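The lines below spell out each chain.
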Amino acid sequence: MKFTLKLAASDLDGTFLTPSGEVGPKTQEILKIMNEKGILFVPCTGRAYKEAPDYFKENEQFKYLVTSNGALISDRHGHPIQTLALSMEKAREVMNLVHPISSYWTVDVDGVLYCSETLSDDKELVGETEERIQEFRTTRTFCYDYDFLNRDEGTVRKLHFMVKNPEHKQEILNALKDVQDVMITWSSHSNVEVQHPLCGKGKALEIVMEMEQIDKSQTVGFGDNTNDLSLFEAVGLKVAVENASQDLKEAADDIALSNKVEGAAIYLEKLLGGTE
C-alpha cells in the first residue's frame, strides 16, 4: 500500500489505547516517528476534554483534540476552535424522557461533568480498578437530581446514559425516537449518547482537514464502535480494530489487530513503511 499519508485520526478507548486506557509503548514509538515525518495525528474521542489522557495534552506534537464525539475541537490546552452544544431546554427534554429508564448518566455542561450519584462507585459500569474509579470521581460533580439543567445559562455538549440491561438501551432509543434536532449514537452496548445534530467525529475532522489543507485521500482513520462511523466517512482509508463492533467492521476497508496488542500502531507502522 503506497500513498502520501498526511493525517491519521483515531478513536481512543477500545482502539488506540490499551484495554487499561494507556498509550502503549509501541503506540508512543509510532507517534514519535509520525511526528518526525510531519504526519498529523488527531485523537478523536467520545470522552470530554477533561477526561482525555494527559499524554495528548502535555505533548506539543498534538495540535488538535476532537473530544465529546466532535462537540469540541480544541488545541491540546483545551482552547476551543469549535463547539457544538444543545440548549439547556433541549437537554431537559431529553433527560425527562430518559431518566425514568436510566438513573446512570453524565451530562457535560460547557466542560463541567455532572454525574448521577448512583455511578459514583459502580464498578460494573465505571470500571473494575480503584484507579479508574478514582479518576471517574475526580473529573465529575455528583448529583442526586438534574436541577442543574433548570438554569437558563449554559449549553450541553453531551448527555451520556449508561445501562446494565441491553433492553433498557432499546427503551431509551424508543423514548428518544421522536425528539427533534439531536444526534443519537453509542460507543458500546451499555450506553447511549445524545448531542447536537451537527456533532460527529468525522465532521470535526473535516474541519481540521480543511484548516490544514489535507485531502481525504491522504488520511487514515481507526475505530472500534458505532460512534466512529462518522470518522470513517471523513477519511480515505477506514480501519477497524479486530475487537470492533460488527457494523464498523462492515464499513471498514481493512481490519487491524486488537487494541490488546496495540493493533492500530502496528498497522500504522506497516503503513508508514509504504508511504512516500
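To start, this report covers the structure provided alongside it.

About the criteria used
Residues numbered from 1 in each chain as written. Predicted model: local features only at pLDDT ≥ 70, side-chain atom pairs only at ≥ 80, totals over all residues. Heavy atoms only, no water. Helix = DSSP H or I, 4+ residues; strand = E, 2+ residues; numbered from the N terminus. Rg over C-alpha atoms; globule rule 2.2 N^0.38 Å. Buried < 20%, exposed > 50% of the residue type's maximum accessible area, 1.4 Å probe, protein only. Contact = heavy atoms within 4.5 Å. Areas by Shrake-Rupley, 256 points an atom, 1.4 Å probe, with all protein chains shown as cover. Lys, Arg positive; Asp, Glu negative; His and termini not counted. Charge placed at Lys NZ, Arg CZ, Asp CG, Glu CD. Pairing = 2+ DSSP bridges. Polar contact = N/O pair within 3.5 Å; in protein donor to acceptor, adjacent residues only side chain to side chain. Axes fitted to C-alpha atoms, helices over the stretch in contact; angles between N-to-C directions.

### Some words on the overall build of the protein chain
Working step 1: Secondary structure summary: the protein chain contains eleven helices and 15 strands in total.
Working step 2: Computed over C-alpha atoms, the radius of gyration of the protein chain comes to 18 Å, within 12% of the 19 Å expected from 2.2 N^0.38 for 276 residues, which places it in the range of a compact globule.
Working step 3: With the C-alpha coordinates aligned to their principal axes, the bounding extent of the protein chain is approximately 55 × 35 × 35 Å.
Working step 4: Of all 276 residues assigned to the protein chain, the portion counted as buried reaches 55%.
Working step 5: Summarising the internal contacts of the protein chain: among those between residues at least 6 apart in sequence, 61% fall at separations of at least 24.
Working step 6: In the form shown here, the protein chain has an accessible surface area of approximately 12,400 Å², with 47% of it arising from carbon and sulfur atoms.
Working step 7: One way to put it: in the protein chain the 29 positive side-chain charges average out to a point 3 Å from where the 46 negative ones average out.

### Section: helix α11 (residues 263-273)
Working step 1: Where α11 is concerned, the buried positions are Gly 263, Ala 264, Ala 265, Tyr 267, Leu 268, Leu 271 and Leu 272.
Working step 2: Contacts made by the buried residues of α11 are with β1 (7-10), α1 (12-16), α2 (25-37), β13 (219-223), β14 (237-241) and β15 (254-256).

### Some thoughts on the pairing of strand β2 (residues 40-43)
Note on strand geometry: in a regular strand, side chains alternate between the two faces of the sheet.
Working step 1: Neither face of β2 is open: one carries Leu 40 and Val 42, the other Phe 41 and Pro 43, and all of them are buried.
Working step 2: Alignment of β1 against β2, held across four bridges, turns out to be parallel. By the bridge assignment, Ser 10 is partnered in β2 with Pro 43.

### Re the side chain of Asn 227
Working step 1: Structurally, Asn 227 is set in the loop between β13 and α9 (229-234).
Working step 2: The exposure class assigned to Asn 227 is buried, which follows from its relative accessible area of 6%.
Working step 3: In terms of polar contacts, Asn 227 uses its side chain to reach the side chain of Asn 69, at 3.0 Å.
Working step 4: Ignoring anything within four residues of it in the chain, the contact list for Asn 227 reads Asn 69, Thr 185, Trp 186, Ser 187, Glu 193 and Lys 201.

### Describing the pairing of strand β7 (residues 105-109)
Working step 1: Most of β7 is tucked away, with five of its five residues classed as buried.
Working step 2: Burial along β7 is two-sided: Trp 105, Val 107 and Val 109 and Thr 106 and Asp 108, pointing in opposite directions, are all buried.
Working step 3: With five bridges connecting them, β7 and strand β10 (residues 155-162) associate as antiparallel partners. Paired with Thr 106 across the strands is His 160, a residue of β10.
Working step 4: Linking β7 back to strand β8 (residues 112-116) in an antiparallel pair, the connection comprises two residues, with Asp 110 at a positive phi of about 50°.

### Describing the sheet that holds β15
Working step 1: A sheet is described by the order of its strands in space; here five strands give the open sequence β2-β1-β13-β14-β15, paired in parallel fashion. Two strands lie at the open edges of the sheet, namely β2 and β15, each paired on one side alone. Strand after strand, the sheet turns through a mean of 25° between neighbouring axes, direction not considered.
Working step 2: Relative to β14, β13 runs parallel, the two being bridged by four bridges. Looking at β14, one finds that Gly 221 is bridged to Lys 238.

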